Amino acid sequence: MQTAGVEEEFRAYVRARGPALLRAAKQLTGHPLDAEDLLQSALTKTYLAWDRIQDRAALDGYVRRAMVNINISQWRRRKLEEYPSDELPEVACAAEAACGEVHERLEQALQGLPDRMRAAIVLRYYEDMTEPEIATRLGISVGTVKSTVSRAMAKLRTELTSLRHPL
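For clarity, every value in this text was computed on a predicted model and none was experimentally measured. (Residues numbered from 1 in each chain as written. Predicted model: local features only at pLDDT ≥ 70, side-chain atom pairs only at ≥ 80, totals over all residues. Heavy atoms only, no water.)

As a further point, take unusual backbone geometry. Across residues other than glycine, the phi torsion is negative in most instances, and most of the peptide bonds are trans. Despite not being glycine, Asp128 shows a phi value in the positive range, around 55°. On the secondary structure map, Asp128 appears in the loop between helix H6 (115-126) and helix H7 (131-138). (Helix = DSSP H or I, 4+ residues; strand = E, 2+ residues; numbered from the N terminus.)

Here is the structure:
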């Protein structure tokens, strides 16, 4: 395949699927800028493997798997960057929650979850992975996956209920 043809085919794929892939990256990272970096890294890996990917219908799966793998690698290497404080920071006004769109409220609630909980929820419900697959991917036991997903769902329910019925 010619280089110009490969580049144009890749550009067309990114134009068509980029927004959906960016939403998935935001759900994985919880931060818009981190999501852009994650997607860029995954797309770089995809471009380098473009000639080896025979099934073009599986491209989304390839990119999503790359994002999950990269995110987990970064998550495992990350050092503790948050420290407890006696003073609570100011709470930003949640403009998206006021719009009433369910997916925006859900994304906001997902962002509030700790990294492992968010990763478990995204892998389970967005990537439709089984508990054993998630356990392998995150390097934890199946029991830990079950309890993590259960606690994360409880937190999401509480958060979404409080957004619907503010005190």
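After presenting the structure, the write-up continues.
Ranked by internal contacts, the top residues of the largest apolar core, which has 41 residues, are Tyr13, Leu39, Val63, Met67, Leu113, Ile121 and Leu138. Elements that contribute at least two residues to this core include exactly helix H1 (3-29), helix H2 (32-48), helix H3 (59-77), helix H5 (102-111), H6, H7 and helix H8 (142-164). Ranked by the residues each element gives to this core, the list is headed by H3, at 8 residues. What Met67 contacts, discounting residues up to four positions off in sequence, is Leu21, Ala24, Ala25, Leu28, Leu38, Leu39 and Ala42. (Core = buried A, V, L, I, M, F, W, Y, C linked by side-chain atoms within 4.5 Å. Buried < 20%, exposed > 50% of the residue type's maximum accessible area, 1.4 Å probe, protein only. Contact = heavy atoms within 4.5 Å.)

Across all of its chains, the model carries 6 salt bridges by this definition. Residue Arg56 pairs with Glu9 through a salt bridge whose shortest N-O separation is 3.0 Å. Here Arg56 is found in the loop between H2 and H3, whereas its partner Glu9 is found in helix H1, with 47 residues between them in sequence. In this structure Arg56 comes out as partly exposed when scored by relative accessible area, which is 28%. With a closest N to O distance of 2.7 Å, Arg118 and Asp115 form a salt bridge. Highlighted residues: Arg118 and Asp115, both in helix H6, separated by 3 residues, approximately one helical turn. Arg118 gets classed as buried once you look at its relative accessible area, which sits at 2%. (Salt bridge = Lys/Arg side-chain N within 4 Å of Asp/Glu carboxyl O.)

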